[in-house]
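Chains, contacts and geometry: an overview
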Amino acid sequence: MSYFAGIDVGSLSSDAAVIDQDGRLKGWSVTETGPHSTNAAEAALDAALTMAGLSRDELAFVVATGYGRAAVPLAGKKITEISCHALGAYSLFPDVGTVIDIGGQDSKVIRLGENGRVADFVMNDKCAAGTGRFLEVMAAKLGVGLNDLGRLSLAAGGEVSISSVCTVFAESEVVSLVAKNHPIDQVIKGLHRSVVNRVAAMTGNIGIKPRVIMSGGVAKNAGVVALMSERLGVDISVPEEPQIVGALGAALMAAREAK
Amino acid sequence: MSLSAKARMQFMKDLGFPAMLSLAKATKGKRKPRKANPDFGPPLKCAARLKEIMTRHYYLSRFAPGARPVAWVTSGAPVELLRAFDFYTIYPENHGALCGAQKMGPELCVAAEEEGYSPDLCSYARVDLGHFFSGKTPAGKLPKPDLLFCSNNICQTVVYWYKVLAHRLNIPLVLFDTPFNYGEITEANIAYMKDQILEMIPVLEKAAGKAFNMERFMRLAELSKSTSQLWGQCLETMQTRPAPMTIFDAFVHLAPVVSLRGLPVAQDYYEILLAELTDRVERGIGAITNEKKRLMWDNIAVWYKVRDFSELFAARGMNFVAATYTNAWAETIKHLDMSHPWESLAKTYSLVILNNNLEHRLGLMEKMVREYAVDGLVVHSARSCKPYSLGQYDLKRLLSHRLGIPAVVIEADITDYRFFSEEQALTRLEAFFEALEAA
Amino acid sequence: MSPAQLPSRGDYFKQWRGGGGKVCAVFPAQYPKELLWAHGVLPMEVWDPPLAPARAQGHLQPYICSVVRQGLELLLAGGMDEVGAILFPHTCDSLQNLASLVADYLEPPAPSLFFYNPKAPFAAAAKGFYVSQLQALEDDLALIFGPAPEGAMEQALEWSRRLSELYARAYARRAAGELGVGAAEFYRLLRAGEYLHPQDYIPLLEAWLNEAPAQGGPQGQGILLSGVLPSPPDLMETLDGLDLRVVHDDLLSMSRRLLYPPPGKGGPLEALADCFLAMPPCSTRGSSLSERLEWLGGLAQSGGAQGVVFSVVKFCEPELFDLPELRRGLKEAGLPSLVLEVDVNQEVGGQAATRLEAFGEMLS
Ligand code: SF4
Ligand code: SF4
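Residues numbered from 1 in each chain as written. Chains lettered and ligands numbered in written order. Predicted model: local features only at pLDDT ≥ 70, side-chain atom pairs only at ≥ 80, totals over all residues. Heavy atoms only, no water.

Right, let's get into the overall build of chain B. Summing up its helical and strand segments, chain B has 19 helices and eight strands in all. Judged by the C-alpha coordinates and their principal axes, chain B covers about 65 × 60 × 50 Å. Taking all 439 residues of chain B together, the buried fraction comes to 63%. When the accessible surface of chain B is summed, it comes to about 16,000 Å², and 55% of that surface belongs to carbon and sulfur atoms. Positive and negative charge centroids in chain B, built from 52 and 48 side chains respectively, lie 6 Å apart. (Helix = DSSP H or I, 4+ residues; strand = E, 2+ residues; numbered from the N terminus. Buried < 20%, exposed > 50% of the residue type's maximum accessible area, 1.4 Å probe, protein only. Areas by Shrake-Rupley, 256 points an atom, 1.4 Å probe, with all protein chains shown as cover. Lys, Arg positive; Asp, Glu negative; His and termini not counted. Charge placed at Lys NZ, Arg CZ, Asp CG, Glu CD.)

Following this line, the structure appears as structure tokens:
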């Protein structure tokens, strides 16, 4: 039996996936990137290998992807997260048409062609609006845990709309809304809406083709997923581990490379 | 043009619209009147008439296709030429202002952004394209144009914007290219503009399906001139203390001179408005009850904030009595002279504020500060509008330096309030108020 | 002739000034360089001076593009203190106002000159008007720098013709896959025309074209590069590093003002007006979208491009307005495209590099 690994070194988290030659997921991990991409990549890989009960020698090929992919010397090849996300999502949902990935620093929308290939994609520009970073800043400002955002948003009775798109402006807007005694959960829902609108505007450029998959850290936030689905008027599927889609895709790329 | 469409349009004009309006009034009447704000004098009676005129204009526009040639026109274009051919004219910028005032800016902008238009583009254009893609508008429905009529005397942006429409609709775009006046206007520029007008006429004849009639053109140009002059006189009433209206009123009452000039209805309207304003001046009625300070506004309105701003300033006894923006439709009409129609039309449209250098603008503003006894200046830096905004930081510095009046810049946008930070603007305004009150 | 032998902007400027040469700083984009040459004036084009933004911030709102910002920065930092004049062509709203801001409010170190390019759709009167603009500029130049000597205009047109040929040759060789150099080298050579006098530039360009290898450049997917200018420089290096082959460009600073039929033999001003009217379609001149689409399609085809990369300067209205329709039309023609928003004074960065790489993966 030969094994393959993919490592996705993002700005916030480094994730790894290990598969066997039939493409079955044997182990995975989600770890913090921290200041050293190389160390983080190795730690993520080792954690995934531990779960799989394997060692590095047993890997036939490793592909690195993500923002820090260049800093992974043990990878035999580097491939962008766009291509890896597409392939990863395709392996989980063979009928996938569109992947919406909202990560810490960037968000992207990928439309798939045949066999998990990229037909078109868009990525956000330099601005933090429409990324996980935006929600992180706001959660900190509101003193709410990042993991509680989704729950609070879903339970909110109403919604306070946030007009600013700029993260800095939105921060001061949020402060003043809270000062005016707007319920925090409703403000949170408004913030989610803002992220959704921003990302949805990107989808217009390439068109939405069902089935739609959401991945990335923000996909764990059920509040965002619900609003996105409402906004786009489509059902959205979220993989069990939305953060490892890129790493999984990279592992599948590794298997292809070895052939 | 089809006969039945013409008949239908006539019917709607004579019977349909009045019927619709009285219906609307009947339902409106049941609403509770808004509580009067003690900071303001009695509201302008004309406002109801204005609303009726503009509603009618937008309402009837949907019956225009087939009955009359329809043109979409930029706010600075020499519309007198189109009037001579009886075009039904739609002003997307006016429509943009309307959407902005109804707080629909972001929604329509997003509709354009979804088609790939950058959020950094002029939001009048984004609102218009957003409307074009989504069909959404507070005006019911806008008629599709047969022709686009565009002049770059306000910006180059309109050329880029109208090019998109021309491409999507596959209709002719007529451009009136007005070379920017870096210094004084030159003979070569005037000759170039005149030649363009002469070239344009056959194109318009073809689009309208009728021959150009010089006599009719001259008559309508005169009408347009007297309308703009009346508008200028309305603005001049604000030189009195207390001023009988505020610039925030003027932003709204500007609509007919922008989009209906050259039609009798606009002229009639300003006659009524002027009479009302003159009467208020005679009776000493001010737009705000306690006019302590008089201010000038630079740039286009912040449409979604007109009401809030007007209350904010009125509460402090501050009244805006002058604006470069409202002035733009009165300032240059004096050049129009039917003894040499083409050259004078060229000058009228080339000498508008945005087609001229910043020294010209500074001089104009200095003059207005004196004539209107202005105590302070509020500069709206409008993200949408580079030709109006680039240079404002220095304009503000020079003006407040030369005239010794306080001035403030607020960063905002004309319709897209996603780029407006209320907190930041209010902080700057507070500091401005303090400076003004100390002055 | 290797790119390393090219004199830098700064060195060349010093050398030229040291010899008592006259200089005119020129803002983007299109202007009749021949008139300046004829007056013995070296045009120094100001596109993307690599300065840290500081002084310009106090004069410009944050929503003004980096080309305008950097140009003003250069002026305020003293970079134009030694020039004899500053020329502002009328390219867009931002440059129009910058011209007036500098001339009217900022007391520039040298007199300002202006040049209005008529806008499309061109009226029949556009040609005559363009000639009148040339005449006016000619008069201004004569006032500042003295009249052009006998025969100087003919000489300037001769240089212009020779350069036209060389540019055309460079582009044609690249499109045919017979120029084995990457984007970084290609644009370093071609951009030297922004500051070298034709007398010095023509031999350099000739030598380079004669010596440049036919093989050895990037081997990957062929792309057409559109946008304002080949900047920031690390964008070119990134493209080369990813092995993407730039087979043609539709850049405002490059092919849109370099590839046009050389001036004819008639009256010099008429000849220049004909050149202007025959330039490739451009957003800033108001060319229609169908013209631009057809042109882009032709460029892509001539070099066998598989995709188009739009490198758009952030806040650049003329480019951003055309973009969606161009992308839509290209897509219908089977050409995918990618948009990068750039600031000329900032590195393109890892995220943009990822997008380019993914675009390459998508095309393969
Ligand atoms: S707001 Fe400014 S840029 Fe936009 S159309 Fe009006 S004048 Fe042009
Ligand atoms: S980049 Fe665009 S907006 Fe900036 S100066 Fe050039 S043409 Fe004008």
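Contacts between the two partners involve 55 residues from chain B and, on the opposite side, 56 residues from chain C. In terms of surface lost to chain C, no three residues of chain B exceed B:Tyr160, B:Tyr182 and B:Leu390, which account for 18% of the buried area on that side. Linking chain B with chain C are four salt bridges. Here C:Lys314 ties to B:Asp120 by a salt bridge, and the two come within 2.8 Å at their closest N and O atoms. Inspection of the chain B/chain C interface yields 27 residue pairs in polar contact (both at pLDDT 80 or more). Breaking the side of chain B that touches chain C down by element, the ones donating at least two residues are helix H6 (123-134), helix H7 (157-169), strand S4 (173-176), helix H8 (187-208), helix H16 (358-371), strand S7 (376-382), helix H17 (386-389) and helix H18 (392-403) of chain B. Top contributing element to the side of chain B that touches chain C by residue count: H7(B), with eight residues. (Contact = heavy atoms within 4.5 Å. Buried area = accessible area lost by both parts, 1.4 Å probe. Salt bridge = Lys/Arg side-chain N within 4 Å of Asp/Glu carboxyl O. Polar contact = N/O pair within 3.5 Å; in protein donor to acceptor, adjacent residues only side chain to side chain.)

Before going further, it helps to spend a moment on the interface of chain C and chain A. Every contact between the two is made by 15 residues of chain C and, on the other side, 20 residues of chain A. Across the chain C/chain A interface, buried area totals approximately 1,500 Å², and carbon plus sulfur atoms make up 43% of it. The largest contributions to the chain C side of the interface with chain A come from C:Thr354, C:Arg355 and C:Met362, which together make up 34% of the buried area. Linking chain C to chain A there are two salt bridges. Residue C:Glu357 pairs with A:Arg69 through a salt bridge whose shortest N-O separation is 2.6 Å. Scanning the region where chain C abuts chain A turns up seven residue pairs in polar contact (both at pLDDT 80 or more). Contributions of two or more residues to the side of chain C that touches chain A are made by strand S8 (337-342) and helix H14 (349-363) of chain C. Looking at the side of chain C that touches chain A element by element, the count peaks at eight residues for H14(C). Among the residues making up the side of chain C that touches chain A, the classes are represented as five nonpolar, four polar and six charged. (Nonpolar A, V, L, I, M, F, W, Y, C, P; charged D, E, K, R; others polar.)

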